[in-house]
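What follows is each chain in one-letter form.
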Amino acid sequence: MELQDLFVKGEYFPLVDHEERIFKYKRNDKLVKGDHKDIFKDSITKNEMYISANFAGLITRKSADFLFGEAPMISSGKDAKSKEQEAIDRITQTNNMNRLFYQQALKSAVMGECFFKIRYGTEYNGAFPETFDPKRIIVEAVDPKKVYPQTSPFDKSKIVAYHIAEPIQDVNSDKWTLYVESHYAGKIVYRQFEIFVFMTNRDGSIHQFKIGDEKASGYEEEATGVPVPLVVHIANYNDGIDWQGQDDISEHISLFDEINNRISQIAGILDKHADPALAVPTGLLQEDSEGNSYFQVALNKVFEVMGKEDIIPQYVTNSNPQLDQAMKELDMLLEFLMSTTEIPAVAIGLKDSSGGTSGNSGLSIKWRMNSLLAKINRKRLFFEDVL
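Residues numbered from 1 in each chain as written. Predicted model: local features only at pLDDT ≥ 70, side-chain atom pairs only at ≥ 80, totals over all residues. Heavy atoms only, no water.

## Brief notes about the overall build of the protein chain
Inclusion rule: The helix count covers DSSP runs of H or I at least four residues long, the strand count covers runs of E at least two residues long, and both are numbered beginning at the N terminus. Exposure classes here rest on a 1.4 Å probe applied to the protein chains alone. A residue is buried below 20% of its type maximum, exposed above 50%, and partly exposed in between. We call two residues contacting when some pair of their heavy atoms lies within 4.5 Å.
A count of helical and extended segments in the protein chain gives 10 helices and 14 strands. The burial tally for the protein chain puts 36% of its 387 residues in the buried class. Look at the contacts in the protein chain between residues 6 or more apart in sequence, and 61% of them connect residues 24 or more apart.

Now the structure itself:
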């Protein structure tokens, strides 16, 4: 089956069909790192004080903790002392697979998918002596922003080739080269293209390139002897209609925004309540030499009130009802978020509507954890199939 060439002269990079996916990756990555200023600009503008809570990071870490918090057992299906099992154990240990699985579970929750690449060689590509960095089987993660999967023309859920593409600026030059590493069944094809800056962002960072001529000297084919591509895709979870996975963040962005907005408004109310205006009886304000009114607190500590109609000195506040309503809405928003993310309050130490986390029986806590455990089992299906 002849596949269409995705990298041709005149096309744009990142590839236009993948721009929305890559934008989602970058946006979600900022959210989990707590960098909300570029994501929620409107809310930041309308709040004098903006406070953000990193629930996106909490949600993704909680899933990874339950999925790979304990080291998985990886078996070849043979006896524990067989050559196959010993090889699996060696590969697992030398590649720090337990840590790698956890990191990619995080990446999958953030971006909707993760990619592994299998190769034979040195980890640092000759940067260190081979006595320190010997050749071996290497299993490593690939940044999803650099991967351009190519699907079968008959089934968009089946990936038949993986293209890893990255623009690199030439040393001591303002020229750029696009390096493309294409993984097919049985072979890897390496290519290089001239690329030119086509569009930049306001901050001067490059937004888009235009692909120029291919460099003939950069073309190379390598036979792998393996009947499948040596890049593996794992979806966080999906519906099987296409290859892309669904992340744990995108559908909750409006809730994140409103929670941050409500917390910021509560902080604003409390700040105003801490320094309110003071109402005093008529005649207590005096004027200085310039005619400005002032109130001598040190002198006027005792006030005589003649009747119920007289004004008693008091702070002018109207924040209590606002604060109560804001707190109630914040509790409701948090309850919605925990419900839609399938994370029970008991899993993160929050009080829930049934009375909190203390004093519950083990059976009660287990029942409340059902939604999270179902979510983890759903993720495990995709990881087990591919790993």
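## Points about the pairing of strand β7 (residues 187-200)
Our working definition: Any two strands are treated as partners once DSSP identifies two or more bridges connecting them.
Bridge count between strand β6 (residues 176-184) and β7: 9 bridges; the pairing is antiparallel. Paired with Trp176 across the bridge in β7 is Ile195. Inspection of the sheet shows β7 paired to strand β9 (residues 220-223) by 4 bridges, in the antiparallel sense. If you follow Val189 over to β9, its bridge partner there is Glu221. Hairpin connection, β7 to strand β8 (residues 206-214): the antiparallel pair is bridged by 5 residues, and Gly204 has positive phi, about 90°.

## Let's talk about unusual backbone geometry
Cis geometry is adopted by the peptide bond preceding Pro14, which originates at Phe13 and carries an omega value of 0°. Even without a glycine there, the phi angle at Glu342 is positive, about 60°. Structurally, Glu342 is set in the loop between α7 (319-340) and α8 (345-348).

## Topic: the packing of helix α3 (residues 55-68) against helix α5 (residues 97-111)
Applied cut-off: Every axis in this analysis is a line fitted to C-alpha atoms, fitted for helices over the stretch in contact. Angles between the N-to-C directions lie between 0 and 180 degrees. Between 65 and 115 degrees an angle is taken as roughly perpendicular, under 35 as roughly parallel, over 145 as roughly antiparallel, and anywhere else as oblique. Left-handed describes a crossing in which the near helix is turned anticlockwise from the far one by less than a right angle; the clockwise case is right-handed. Residues are sorted three ways: Asp, Glu, Lys and Arg are charged, Ala, Val, Leu, Ile, Met, Phe, Trp, Tyr, Cys and Pro are nonpolar, and all the rest, Gly among them, are polar.
Running from N to C, α3 and α5 point in directions that differ by 140°, and their axes come no closer than 9 Å. The orientation of α3 with respect to α5, classified from their angle, is oblique. Here α3 and α5 pass one another in a crossing that is right-handed. Between α3 and α5, the residues in contact are Thr60, Arg61, Ala64, Asp65, Leu67 and Phe68 and Phe101, Tyr102, Ala105, Leu106, Ala109 and Val110, respectively. Broken down by class, the residue content of the contact of α3 with α5 amounts to 9 nonpolar, 1 polar and 2 charged.

## Topic: the packing of aromatic side chains
Convention followed: Between the rings of Phe, Tyr and Trp (Trp by its six-membered ring), a pair exists once the centres lie within 6.5 Å; its type follows the angle of the planes, with under 30 degrees stacked, over 60 edge-to-face, and the other angles tilted. Lysine NZ or arginine CZ positioned within 6 Å of the ring centre and within 35 degrees of the ring normal marks a charge as sitting over the ring.
This model, assessed by the stated rule, comprises 12 aromatic pairs. Relative to Phe101, the ring of Phe68 has its centre 5.5 Å away and its plane inclined at 35°; by these criteria the two rings are tilted. Taken as a pair, Phe68 in helix α3 and Phe101 in helix α5 lie far apart in primary sequence, 33 residues in all. Exposure class is identical for Phe68 and Phe101. Each is buried. Between Tyr124 and Phe128 the ring centres are 4.9 Å apart and the planes differ by 85°, which places this aromatic pair in the edge-to-face class. For Tyr124, a relative accessible area of 41% gives the class partly exposed. Joined through ring pairs, the aromatic side chains of Phe7, Phe13, Tyr148 and Phe193 make up one cluster. We note Arg21 situated over the ring of Tyr148; from NZ or CZ to the ring centre the distance is 5.7 Å. Here the basic side chain of Arg378 rests over the ring of Tyr237, its NZ or CZ set 4.9 Å away from the ring centre.

## As for the side chain of Ser82
Inclusion rule: Any N or O atom pair separated by 3.5 Å or less is treated as a polar contact, with the protein-specific requirement of one donor-capable and one acceptor-capable atom, and with residues adjacent in sequence counted only for side-chain atom pairs.
Its location among the elements puts Ser82 in the loop between α3 and α4 (83-94). Overall, Ser82 belongs to the buried group, its relative accessible area being 13%. Separated by 3.2 Å, the side chain of Ser82 and the backbone nitrogen of Gln85 make a polar contact.

## Points about α3
As a reminder of what qualifies: Expected span, for any helix, means 1.5 Å times one less than how many residues it has.
For α3, with 14 residues, the first-to-last C-alpha span of 20 Å sits near the 20 Å given by 1.5 Å per residue. Of all 14 residues in α3, 10 are buried; the element is thus mostly enclosed. Every buried residue belonging to α3 is among Phe55, Ala56, Gly57, Ile59, Thr60, Lys62, Ser63, Ala64, Leu67 and Phe68, and all of these are buried.

## Some details on helix α1 (residues 19-32)
Between its first and last C-alpha, α1 extends 20 Å over 14 residues, near the 20 Å set by a 1.5 Å rise per residue. Considered for burial, the residues of α1 that qualify are Arg21, Ile22, Lys24, Tyr25, Arg27, Asn28, Asp29, Leu31 and Val32. Two residues or fewer after α1 comes Gly34, characterised by a positive phi angle close to 80°.

## Some points on the pattern of salt bridges
Any two side chains of opposite charge can pair, on the condition that their charged atoms come close. To keep it simple, the criterion reads: Only one rule defines a salt bridge in this text: a Lys or Arg side-chain nitrogen within 4 Å of an Asp or Glu carboxyl oxygen.
In the structure shown here, the tally under the stated rule is 20 salt bridges. Close ionic contact of Asp35 with Lys37 constitutes a salt bridge, the shortest N to O distance being 2.9 Å. For Glu342, the salt bridge is made with Arg378, and the minimal N-O distance between the two is 2.7 Å. On the criterion of sequence distance, the pair formed by Glu342 in the loop between α7 and α8 and Arg378 in helix α10 (residues 370-386) is long-range, its members being 36 residues apart.

## What about the environment of Tyr190?
In this structure, Tyr190 sits in strand β7. Owing to a relative accessible area of 23%, Tyr190 belongs among the partly exposed residues under this scheme. With 30 residues separating them along the chain, Tyr190 and Glu220 place their C-alpha atoms 5.0 Å apart. Here Glu222 takes part through its side chain, which lies 3.0 Å from a polar atom of the side chain of Tyr190.

## Regarding the side chain of Lys379
For Lys379, the position within the fold is in helix α10. Once residues lying within four places of it in the same chain are set aside, the contact partners of Lys379 are Ser63, Leu67, Ala109, Asn236 and Asp248.

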